[in-house]
Amino acid sequence: MQDSQEVRAMLDRIGEFRNESLTDFSLSKNEIAFELALGQVISDIGRKHPLLIGGEEVYTGQTLKSTNPARPREVIGVFSRAGAVEAGSAIEAAGEAFESWSRTPTTERAAILLRAAELMRARRHELSAWMVYEVGKNWVEADADTVEAIDFLEYYARQMLELELVQVIQAPGERDTLHYIPLGVGAVIPPWNFPLAILVGMSSAAIVAGNTIVLKPASDAPKIAWEYARILGEAGLPPGVCNLLTGPGGVAGETLVDHPRTRFIAFTGSKEVGLRIHTRAARPRPGQNWIKRTILEMGGKGAVIVDETADLDAAATGILVSAFGYQGQKCSAGSRAILVDEIYDTLLEKILEQAPEMLTIGDPARREHTLGPVVSQRQYETVLDYIEVGKREGQLLYGGKAPDRDGYYIEPTIFGGVSPDARIAQEEIFGPVLAVIKARDWQHAIEIANSTEFGLTGAYYSTDPERLAYARREFHVGNLYFNRKCTGALVGIHPFGGFNMSGTDSKAGGPDYLLLFTQAKSIAEKLPE
Ligand code: NDP
């Protein structure tokens, strides 16, 4: 608990939060700088990396390789594979570090996040270049990922300072205050699809609130996690506050979830794993003194609705960007387009007209390619299986094949005439596959949009204010957009998180997020008469 004046002084000094700007690659100086970063990074691939436990580098006998999905034989880095023993040690190390970190003044904790943001700014193209090679992001998507990570650091540093300001409640004869204190040791388990932004968002929120963590990155994206851990160290984060544990989710991750010393689990990933974590975390283990808190953000089946009053050219672009950005591997992806009968044929024609120019497939290290490979062999096989299902359930209108080349490339694929209850309209595919569905009218379209088990994102293109007002109430998603794409939530502007089976609606990048990593302590002091 820190003196409010110090906290206020820091808030005044650092000023308000502002979103970092995206890089304008049409400027040749930026294009050259990014090319240079790609060249620099590629000369550094294939290195061996240890686990980081309590500030020590730990090499295990077994390894895990991160490879480039555009050239699967290219090894990006070799990582130590943690098992249950290392996971236990990492939790113990976090437990030890908690004693001092939880008592470190909030201004110091926030300052470390701000220094980390500064270091990321300085290395921004380098970080983005790693994501191009490690997970197949194109330049723009990789840049947006890095920018979002910087935003999270800047935003949560300020939010924690705001929370630290002591709230005094005036009751006669008493001084009553409310303080937000940390929870303890947390397991932070991110996915590979926003390998920097989500990992930084969840971990920095936990850390700045005074918790210590074990960060277990996705096995498809350990390199970018390693670069982040290095930055935290350079920014002055004490050993043991963020322990880096690369290793399989089923072993390393599950040990973290089950451990009695674990106080909370922040997870983003699939519904199946999220629910498994939820169930396991609910069971108290011997020696466990608390109910574990779970913050779970899971899958989606986003819908873009278009009615007959909409600007159809803008809607066609919005549908393509929402469905195929980062090869459709976004939880927010608009993998369903729901078009009202009256404009169904016209809009479909526009979509198919715009697709070839917007969706150019190839090595994402080259700027002209908008679509790279999907992330892994597993993802490649799953998506191709869904395309076969789609051929039975709808009419294949575009794409549908895997180009005959090295790398996990899949053509952007569009199915028309899909029934709302078809598998490709209900299940999260997490790849470049769009299901186009016909609705009788705009209300029927909203009904269809709400008919999956998910509730993450949705967009509605319409110029009718009454219909938009109805959609505000009835379109049941955590992030709703009107007359724009359903991806690209901005930190501080579009707090992000979903309903139903999309998760616990944690609203990352919003003013309430840090509360999830704290508990509130109310203190009443009777004053002398
Ligand atoms: P997974 O659920 O497969 O994995 C997510 C993380 O959980 C990984 O670090 C993984 O490790 C780990 N993990 C796997 N099994 C276990 C286990 N039994 N116990 C503990 N941890 C485990 O998801 P993906 O990485 O494939 O990510 C894609 C999913 O993420 C999609 O469903 C997408 O919608 C969702 N997502 C949701 C977002 C949201 O905000 N709602 C945002 C972004 C993505 P390992 O890699 O080693 O298996």
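Data block above holds the structure.
In what follows, the accompanying structure is described.

The rules behind these values
In every chain, residue numbers begin from 1 and rise along the written sequence. Totals for whole chains, interfaces and linings use every residue, but because this is a predicted model, local features are given only for residues with pLDDT of at least 70 and side-chain atom pairs only at 80 or more, for both listing and counting. The side-chain values count all of the structure's non-hydrogen atoms but skip hydrogen atoms and water molecules. Definition of nearness: a residue and a molecule or strand are near each other if at least one heavy atom of the residue lies within 4 Å of the molecule or strand. Pairs of N or O atoms within 3.5 Å make up the polar contacts considered here, provided that, within protein, one atom can donate a hydrogen while the other can accept it, and that residues adjacent in sequence are counted only when both atoms are side-chain atoms. Note on areas: Shrake-Rupley, 1.4 Å probe, and residue coverage restricted to the protein chains presented here. Each helix is a run of DSSP H or I of at least 4 residues and each strand a run of E of at least 2, with the numbering of both proceeding from the N terminus. Charged residues are taken to be Asp, Glu, Lys and Arg, nonpolar residues to be Ala, Val, Leu, Ile, Met, Phe, Trp, Tyr, Cys and Pro, and polar residues to be all remaining types, Gly included. An automatic or database domain assignment supplies the residue ranges for each domain. To estimate how far a helix should extend, the number of its residues minus one is multiplied by 1.5 Å. Three exposure classes are used, based on accessible area relative to the maximum for each residue type with a 1.4 Å probe and protein chains only: buried under 20%, partly exposed in between, and exposed over 50%. Paired strands, as defined in this entry, are two strands with at least two bridges between them according to DSSP. To obtain an axis, a line is fitted to C-alpha atoms, over the contacting stretch when the element is a helix, and the angle between two such axes runs from 0 to 180 degrees between their N-to-C directions. What makes two residues a contact is simply this: any of their non-hydrogen atoms within 4.5 Å.

1. Structural notes on the site of the ligand
Phase 1 of the analysis: Around the ligand lies a shell of 31 residues, among which Ser219, Glu254, Ser270, Met298 and Glu428 are the nearest.
Phase 2 of the analysis: Contact between the ligand and Pro190: an oxygen atom at 2.8 Å from a main-chain N or O atom of the residue.
Phase 3 of the analysis: Take Glu428: an N or O atom from its side chain is 2.6 Å from an oxygen atom of the ligand.
Phase 4 of the analysis: Its free accessible area being 900 Å², the ligand has 90% of it covered by the protein chains.
Phase 5 of the analysis: Elements supplying a minimum of two residues to the shell around the ligand: α9 (249-258), β11 (262-268) and α10 (271-282).
Phase 6 of the analysis: Partitioned by chemical class, the residues of the shell around the ligand number 16 nonpolar, 10 polar and 5 charged.
Phase 7 of the analysis: Both of domain 1 (4-14 + 26-298 + 505-524) and domain 2 (303-490) provide at least three residues apiece to the shell around the ligand.

2. Comments concerning helix α8 (residues 222-234)
Phase 1 of the analysis: Across its 13 residues, α8 extends 19 Å between first and last C-alpha, which sits within 8% of the 18 Å expected from 1.5 Å per residue.
Phase 2 of the analysis: When you tally the buried positions in α8, you get 10 out of 13 residues, the bulk of the element.
Phase 3 of the analysis: Here α8 has its buried residues at Pro222, Lys223, Ile224, Ala225, Trp226, Glu227, Tyr228, Ala229, Ile231 and Leu232.

3. Looking at unusual backbone geometry
Phase 1 of the analysis: At Tyr326, a position not held by glycine, the phi torsion is positive, near 45°.
Phase 2 of the analysis: As for its placement among the helices and strands, Tyr326 is situated in the loop between α11 (312-324) and β14 (336-340).
Phase 3 of the analysis: Judged by its relative accessible area of 1%, Tyr326 falls in the buried class.
Phase 4 of the analysis: The phi dihedral of Lys507 is positive, around 55°, even though this residue is not glycine.
Phase 5 of the analysis: When you line up the elements, Lys507 lands in the loop between β21 (499-500) and β22 (518-526).
Phase 6 of the analysis: Assessed through its relative accessible area of 18%, Lys507 is described here as buried.

4. Thoughts on the sheet that holds strand β5 (residues 71-80)
Phase 1 of the analysis: The mixed open sheet is built from 3 strands, whose spatial order is β1-β5-β4. Sheet topology places β1 (47-49) and β4 (63-68) at the edges, where each strand pairs with a single neighbour. Neighbour-to-neighbour, the strand axes of the sheet open up by a mean angle of 35°, direction not taken into account.
Phase 2 of the analysis: Of the strand pairs in this sheet, β1 and β5 are connected by 3 bridges, and their pairing is parallel. Residue pairing for β5: Lys48 is matched across the bridge by Val78.
Phase 3 of the analysis: Where helix α5 (residues 124-135) meets the sheet, its contacts fall on β4 and β5, and the angle it forms with β5 comes to roughly 115°.
Phase 4 of the analysis: Against the sheet, α8 touches β1, β4 and β5, its axis set at about 40° to β5.

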